[in-house]
Amino acid sequence: MVGLLVASPIFASLAKSHNPFRLIGVGLSVWTFATAGCGSSFDFWSIAICRMLVGVGEASFISLAAPFIDDNAPVPQKTAWLSMFYMCIPTGVALGYVYGGVVGSHLNWRYAFWGEAILMLPFAVLAFVIKPLQLKGFAPAESGKAQVVASVSEGSEASNLNDHVSEDISDQASERSIKSIGESRFLNQLSQFSKDTKDLLQEKVYVVNVLGYIAYNFVIGAYSYWGPKAGYNIYHMSNADMMFGGVTIVCGIVGTISGGFILDQMGATISNAFKLLSAATFLGAIFCLTAFCLSSLYGFLALFTVGELLVFATQAPVNYVCLHSVKPSLRALSMAISTVSIHVFGDVPSSPLVGVLQDHVNNWRKTTLALTSIFFLAAGIWFVGIFLKSIDKFNEDGENQISLDSKANMKPLLEGNGDNL
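Residues numbered from 1 in each chain as written. Predicted model: local features only at pLDDT ≥ 70, side-chain atom pairs only at ≥ 80, totals over all residues. Heavy atoms only, no water.

## Let's talk about the side chain of glutamine 315
Line of reasoning, step 1. Secondary-structure assignment places glutamine 315 in helix H12 (residues 315–324).
Line of reasoning, step 2. By relative accessible area, which is 12% here, glutamine 315 ends up buried.
Line of reasoning, step 3. The residues contacting glutamine 315, other than those within four sequence positions of it, are Tyr86, Tyr213, Tyr216 and Thr256. (Helix = DSSP H or I, 4+ residues; strand = E, 2+ residues; numbered from the N terminus. Buried < 20%, exposed > 50% of the residue type's maximum accessible area, 1.4 Å probe, protein only. Contact = heavy atoms within 4.5 Å.)

## Some thoughts on the confidence of the model for the chain
Line of reasoning, step 1. Averaged over all residues, the pLDDT of the chain equals 82, while 81% of them reach at least 70.
Line of reasoning, step 2. With pLDDT under 50 throughout, residues 142–162 is counted as low confidence; its partners more than four residues away or in other chains account for 12 contacts. (pLDDT = per-residue confidence, 0-100.)

## Observations regarding the pattern of salt bridges
A side chain with one charge may pair with a side chain of the opposite charge, provided their charged atoms come close.
Line of reasoning, step 1. With the rule as written, the count across this model stands at 4 salt bridges.
Line of reasoning, step 2. Note that aspartate 70 and lysine 78 form a salt bridge whose closest N and O atoms lie 4.0 Å from each other.
Line of reasoning, step 3. Ionic pairing is found between aspartate 70 and arginine 331, a salt bridge with its closest N-O pair at 3.2 Å. In this pair, aspartate 70 is assigned in helix H3 (residues 44–72) and arginine 331 in helix H13 (residues 331–361), connecting sequence segments 261 residues apart. Considered together, aspartate 70 and arginine 331 belong to a single accessibility category, that of buried residues.
Line of reasoning, step 4. Salt bridges here are not isolated pairs; linked through shared partners, they connect Asp70, Asp71, Lys78 and Arg331. (Salt bridge = Lys/Arg side-chain N within 4 Å of Asp/Glu carboxyl O.)

## Section: the packing of helix H4 (residues 78–106) against H12
In helix packing, the relevant descriptors are the interaxial angle and the interaxial distance, both defined with respect to the helix axes.
Line of reasoning, step 1. Two numbers describe how H4 lies on H12: the axes approach to 9 Å, and their chain directions differ by 115°. Crossing of H4 against H12: the hand is right-handed. Residue-level inspection shows Lys78, Thr79, Leu82, Ser83 and Tyr86 of H4 in contact with H12, the latter providing Gln315, Ala316, Asn319, Tyr320, Leu323 and His324.
Line of reasoning, step 2. Tallied by class, the residues present in the contact of H4 with H12 amount to 5 nonpolar, 5 polar and 1 charged. (Axes fitted to C-alpha atoms, helices over the stretch in contact; angles between N-to-C directions. Left-handed = near helix turned anticlockwise from the far one by under 90°. Nonpolar A, V, L, I, M, F, W, Y, C, P; charged D, E, K, R; others polar.)

## Topic: the packing of aromatic side chains
Line of reasoning, step 1. On inspection of all chains with the given rule, the structure shows 20 aromatic pairs.
Line of reasoning, step 2. Summarising the aromatic geometry, the rings of phenylalanine 44 and tryptophan 45 are spaced 5.1 Å apart at their centres and angled 75° between planes, so their arrangement reads as edge-to-face.
Line of reasoning, step 3. Of the residues examined, phenylalanine 44 reaches a relative accessible area of 58% and is grouped as exposed.
Line of reasoning, step 4. By relative accessible area, which is 62% here, tryptophan 45 ends up exposed.
Line of reasoning, step 5. Their ring planes at 55° and their centres at 5.1 Å tell us that phenylalanine 292 and phenylalanine 300 sit as a pair that is tilted.
Line of reasoning, step 6. Residue class for phenylalanine 292 comes out buried when judged on its relative accessible area of 2%.
Line of reasoning, step 7. Exposure remark for phenylalanine 300: the relative accessible area of 1% places this residue in the buried category.
Line of reasoning, step 8. In this structure an aromatic cluster arises from ring pairing among Tyr213, Tyr216, Tyr223, Tyr235, Phe292, Phe300, Phe304, Phe375 and Trp382. (Phe/Tyr/Trp six-rings, centres within 6.5 Å; stacked < 30°, edge-to-face > 60°.)

## Things to note about helix H5 (residues 109–129)
Line of reasoning, step 1. Relative to the 30 Å expected for 21 residues at 1.5 Å per residue, H5 spans 32 Å between its end C-alpha atoms, a close match to the ideal helical length.
Line of reasoning, step 2. Buried residues of H5: Ala112, Gly115, Ala117, Ala124 and Ala127, and no others.
Line of reasoning, step 3. Turning to H5, the residues buried within the fold contact helix H2 (20–39) and H4.
Line of reasoning, step 4. A side-chain oxygen of the first residue of H5 lies 2.9 Å from the backbone nitrogen of arginine 110; this N-cap is asparagine 108. (Expected span 1.5 Å × (residues − 1). Polar contact = N/O pair within 3.5 Å; in protein donor to acceptor, adjacent residues only side chain to side chain.)

See the structure below:
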């Protein structure tokens with residue numbers, strides 16, 4: 001998580017000066033070597049560091065993959081394509097459990113990591129070999145290496161003007177030039193990152209969307225951590241881990257794909273995305289809340305399954321809003337900041353806070369009901385987004401009408417005779 005949160009904004013910022021497709025290749029390469037390192041670890045800290053680097057590799061995908069999909073998907077199927085991408089998360093988790101269990105039991109846990117690294121290696125190589133794609137909103141960027149080489153060569157040409165300067169002094173000048181160029185580029189990128197972040201936070205629709213996503217992820221994160229324990233205590237499930245895990249994975253896959261296809265059928269707009277987000281989350285909250293009120297295990301499982309199907313239908317719409325509520329050049333950063341926010345303020349603090357609440361009330365049914373009610377907060381925030389987008393559209397229409405009126409008033413003057421002039 002540390003590697004993911006730190007590196008996501010960095011990859012998003014580098015996309016302005018380096019080809020984003022190659023940055024994905026860098027991320028996949030880091031991920032490959034870090035995963036192989038996990039299999040070769042010799043103590044706790046070595047595997048912890050490798051796990052952090054795995055997060056760095058994931059960060060390139062978190063920031064850059066969704067904008068690529070959005071650029072290349074057919075217009076009527078943009079959210080369906082996004083839903084297919086985000087569906088891979090629960091699918092990967094499910095396959096990972098099976099793969100890890102089979103390899104770990106038949107060979108050794110280290111082989112599970114090494115096998116993953118081998119499977120990823122061809123994709124990392126392809127990201128460097130095939131013709132790179134360019135993200136919309138980004139000017140084709142020269143490689144940083146070429147810029148440094150060019151600057152150093154300019155410095156070398158300047159130093160050659162004086163034939164009496166010694167090679168040692170020339171080398172020192174070149175080193176200072178490289179250092180100065182590096183510092184200047186770093187400061188420029190830092191300044192650009194600060195400006196872009198400020199511009200991003202001024203996008204009200206984007207901010208509201210992320211706030212709703214934080215509240216939503218607060219519940220989902222606590223469900224994944226405390227759900228099995230709560231199920232065991234309330235319903236005396238003998239295999240609570242398998243039940244909760246199975247329901248979450250199936251609902252994650254089906255719900256995520258369904259959400260994307262439904263939004264495409266409604267018409268993929270930000271207003272429709274907010275309508276789907278608020279409605280699906282509100283209804284999902286009702287089903288999940290009612291499920292925890294029942295005493296029957298089978299009744300609970302039936303209603304909870306429907307509830308999770310509904311709440312997982314938000315994955316494609318919420319990311320669609322993140323991509324389309326900002327300027328094209330800010331899409332990578334918008335995905336990065338969204339990811340950082342939902343983890344730092346959502347699922348990371350939710351698990352310990354729910355633990356504190358349970359220690360205080362000492363009743364898992366009351367704790368889960370209190371936690372589930374936060375879904376209503378998420379639905380309410382996304383409902384506000386509908387009105388916010390309507391106000392923005394009204395203002396834009398007003399500005400467009402003023403512009404048209406101005407042109408209409410100028411037309412007689414421009415087309416008239418000398419008397420009109």
